[in-house]
Amino acid sequence: IDILGTLEFSITVPSILRFLEIIALFFKFKEKEFVLAKYFTEIFLVDFRINKYSSSLIACTSAYIVMKLGKFPNIHLISKFSKKTDSQLKECAKDILYLLENIDSNILQAVKKKYSSSKFFEVSKLKLC
């Protein structure tokens, strides 16, 4: 009770979004880059493939894709920062990119619609694949 009181009951489980926030802060993502990474993460949340990956790997992979697209010079640091191997990142990235390529044929369109608004920089309208 003392520990929870000291923390003012402000506790949480490590979520994909929290991991992504930490990565975005570390790599100094601009707001649009962060929103794009969130979009990648959220389209992945509605797919069964997500079950084989940890939350931290999904967040790192979403950031990795954004960094690849943005040609970040320090992209090599994502492996060290996340303690994930390049092969782990690339395997997860393939699944995310598969979903992006086939998003129009997916019955679940809420995430795409959400991220097509100007509030989210219309990132779902970007031609990435």
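For the structure itself, consult the block above.
So, here is what we can say about the structure in this document. (Residues numbered from 1 in each chain as written. Predicted model: local features only at pLDDT ≥ 70, side-chain atom pairs only at ≥ 80, totals over all residues. Heavy atoms only, no water.)

### Topic: empty space enclosed by the protein
Reasoning step 1: Under the criterion given, the structure shown has one cavity of 30 Å³ or more.
Reasoning step 2: Approximately 70 Å³ is the volume found for the largest cavity.
Reasoning step 3: In this structure, the largest cavity is lined by Ile43, Val46, Leu99, Ile103, Asn106, Leu108, Val111 and Lys112.
Reasoning step 4: Among the residues forming the lining of the largest cavity, the class breakdown is six nonpolar, one polar and one charged. (1 Å grid on protein atoms, 1.4 Å probe; cavity = no way out; pocket = protein on both sides within 12 Å on 5 of 7 lines; lining within 4 Å. Points joined across faces, edges and corners; volume = space filled by probe spheres on them. Nonpolar A, V, L, I, M, F, W, Y, C, P; charged D, E, K, R; others polar.)

### Quick notes on the environment of leucine 36
Reasoning step 1: Structurally, the position occupied by leucine 36 is in helix H3 (residues 31–45).
Reasoning step 2: It is 9.4 Å that separates the C-alpha atoms of leucine 36 and isoleucine 65, two residues lying 29 residues apart in sequence.
Reasoning step 3: When sequence neighbours within four positions are dropped, the list of residues in contact with leucine 36 reads Val66, Leu69, Val123, Leu126 and Leu128. (Helix = DSSP H or I, 4+ residues; strand = E, 2+ residues; numbered from the N terminus. Contact = heavy atoms within 4.5 Å.)

### Notes on the packing of H3 against helix H6 (residues 86–101)
Reasoning step 1: In the contact formed by H3 and H6, the axes pass within 10 Å of each other and the chain directions differ by 85°. Regarding the angle of H3 to H6, the classification is roughly perpendicular. Residues Tyr39, Phe40, Ile43 and Phe44 of H3 pack against Cys92, Asp95, Ile96, Leu99 and Leu100 of H6.
Reasoning step 2: In terms of residue class, the contact of H3 with H6 is built from eight nonpolar, no polar and one charged. (Axes fitted to C-alpha atoms, helices over the stretch in contact; angles between N-to-C directions. Parallel < 35°, antiparallel > 145°, perpendicular 65-115°, else oblique.)

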